[in-house]
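# Descriptive analysis of the structure
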There are 2 protein chains.
Amino acid sequence: MSEIEFYFDFSSPYAYFASTRVGALAERHGRVCRWRPILLAPAFQASGNVRLIDQPLKGAYSRHDWERVSRQYDIPYRFPEPFPVGTVAAARAFWWLDGRDAAQAKRLGHALFAAYFAEGRNISEREVVAEVAAAQGLDPATILAAIELPEIKLKLRQETEGAIERGVFGAPFLIVDGEPFWGFDRLPQLDEWLTRGGW
Amino acid sequence: MSEIEFYFDFSSPYAYFASTRVGALAERHGRVCRWRPILLAPAFQASGNVRLIDQPLKGAYSRHDWERVSRQYDIPYRFPEPFPVGTVAAARAFWWLDGRDAAQAKRLGHALFAAYFAEGRNISEREVVAEVAAAQGLDPATILAAIELPEIKLKLRQETEGAIERGVFGAPFLIVDGEPFWGFDRLPQLDEWLTRGGW
């Protein structure tokens, strides 16, 4: 059984919402969900995409919809300030941990999403990332050092470039058996795809 | 019971897909679906939105997804050439007929969507619009004249401007009891909204 690859940026509300549901979805189909945090800014640059929040009309709709979706699925959420934020530190911490313990990295990922979107903590600050990691039993000094490792910087760059090469232009972006699904609202379609074995 | 307002441009594949399902959805909830064709170009201009097909990565994804969605729901579809097309004539013909017989206007709307997305006919040409109308039992000369009526030109302009004022930035865009839902993939959310009476 192949994986469900879950591309995202830690600053995407729809990716946060997806992160609370994609694990159970994968399990229902006997799949493993593989988290792949990237930086959306270069993907936006490659695709000509623009941050939702900066778009007239669509920005207002999105803010309204984030509240609505969070209530629809009972996902703790409040619009974070500042928004969006840079997620280099969060993503690097994830990738460093992923190389050691993938399950623990996912737990850190959940905690980072919650810190930003439920607790309003600014995860663009590396000290905040280290604090969130410390609450997961990790050594904060080790995390702060890991964020600066050349091989971890390179890893995140490669993941982001690799994602763009595979057509990723937004988040969440899920790939299953080569089939791409973009957007939180496509999880039901992905679910049906796995149930029917494609169509 | 208030209406489900269905804003769209006749050149939008996702709006075409929605047009095949929104009537039954409305009926399940005892609502009437009101079709409101507009021109997307001015809405895109107001929102800074860009046609999907013109966006790198997202354009390719969309073409793939239109095929996939059409197969998922068994909706007759083939990618039309040229794409997209201007829909001034189609939308004006609809609005003229809507002022006389709303049910017949919806039937013409279905026929125009099918002509473009299932039969590959270029509905940007007013003669094609008149032919499609003729197959619905309408007099083609009357349709050609209606398309040029100043009050019909004005009606379409007002509908488009009114849509933008209400926050419409893409298609399909549905509004129920003031609540906006954007995108074909939000029909299930709209369905749930009506079932639960909001949340």
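Refer to the preceding data block for the structure.
Looking now at the interface of chain A and chain B. Chain A puts 31 residues into the contact, and the matching count from chain B is 31 residues. With both chains or domains summed, chain A and chain B bury close to 2,900 Å², and 49% of this area falls on carbon and sulfur atoms. For chain A, the biggest contributors to the area lost against chain B are A:L57, A:Y61 and A:Q72; these three give 22% of the whole. On the surface where chain A and chain B come into contact, there are 6 salt bridges.

Let's shift gears to the nonpolar core. Counting 64 residues, the largest nonpolar core has B:I4, B:F17, B:I123, B:I143 and B:L190 as the members making the most contacts within it. Sequence-distant contacts of B:I143, that is, excluding residues within four places in its chain, are made with B:A93, B:W96, B:V129, B:A130, B:A133 and B:L138. With 63 residues, the next largest nonpolar core counts A:Y116, A:F117, A:V128 and A:V129 among its residues.

A separate point is the side chain of B:E5. Residue and element names in this part refer to chain B. Considering the arrangement of structural elements, one finds E5 in strand β1 (residues 4-8). On the basis of relative accessibility, which here comes to 10%, the residue E5 falls in the buried class. At a separation of 2.5 Å, a polar atom in the side chain of E5 contacts the side chain of R36.

On to the packing of aromatic side chains, then. Across all of its chains, the model carries 60 aromatic pairs over all chains by this definition. The side chain of A:R68 reaches across the aromatic face of B:F181, ending 4.3 Å from its centre. Over the aromatic face of A:W95 sits the side chain of A:K155, whose NZ or CZ is 4.5 Å from the ring centroid.

In this section: helix α3 (residues 40-47) of chain A. Residue and element names in this part refer to chain A. Inspection of α3 places L40, A43, F44 and S47 among the buried residues, and these make up the whole buried set. End-on, the buried residues of α3 take up no more than an arc of 100 degrees, which puts them together on one face. Exposed side chains of α3 directed beyond 90 degrees from the buried face belong to A41 and Q45. For α3, the elements touching its buried residues are α9 (150-165). Looking one or two residues beyond α3, the residue adopting positive phi is G48, at roughly 70 degrees.

A full pass over the atoms with the stated rule returns 34 salt bridges over all chains. Here B:D185 and A:R186 are joined by a salt bridge, their closest N and O atoms 2.8 Å apart. Pair noted here: B:D185 is in the loop between β4 (179-182) and α10 (187-196) and A:R186 is in the loop between β4 (179-182) and α10 (187-196), and the two residues belong to different chains. With relative accessibility at 5%, the residue A:R186 sits in the buried group. Residues participating in the shared-partner salt-bridge network are A:E5, A:R36, A:K155, A:E159 and A:R166.

The rules behind each value
Residues numbered from 1 in each chain as written. Chains lettered and ligands numbered in written order. Predicted model: local features only at pLDDT ≥ 70, side-chain atom pairs only at ≥ 80, totals over all residues. Heavy atoms only, no water. Contact = heavy atoms within 4.5 Å. Buried area = accessible area lost by both parts, 1.4 Å probe. Salt bridge = Lys/Arg side-chain N within 4 Å of Asp/Glu carboxyl O. Core = buried A, V, L, I, M, F, W, Y, C linked by side-chain atoms within 4.5 Å. Buried < 20%, exposed > 50% of the residue type's maximum accessible area, 1.4 Å probe, protein only. Helix = DSSP H or I, 4+ residues; strand = E, 2+ residues; numbered from the N terminus. Polar contact = N/O pair within 3.5 Å; in protein donor to acceptor, adjacent residues only side chain to side chain. Phe/Tyr/Trp six-rings, centres within 6.5 Å; stacked < 30°, edge-to-face > 60°. Lys NZ or Arg CZ within 6 Å of the ring centre and 35° of its normal. Arc of directions from axis to C-beta.

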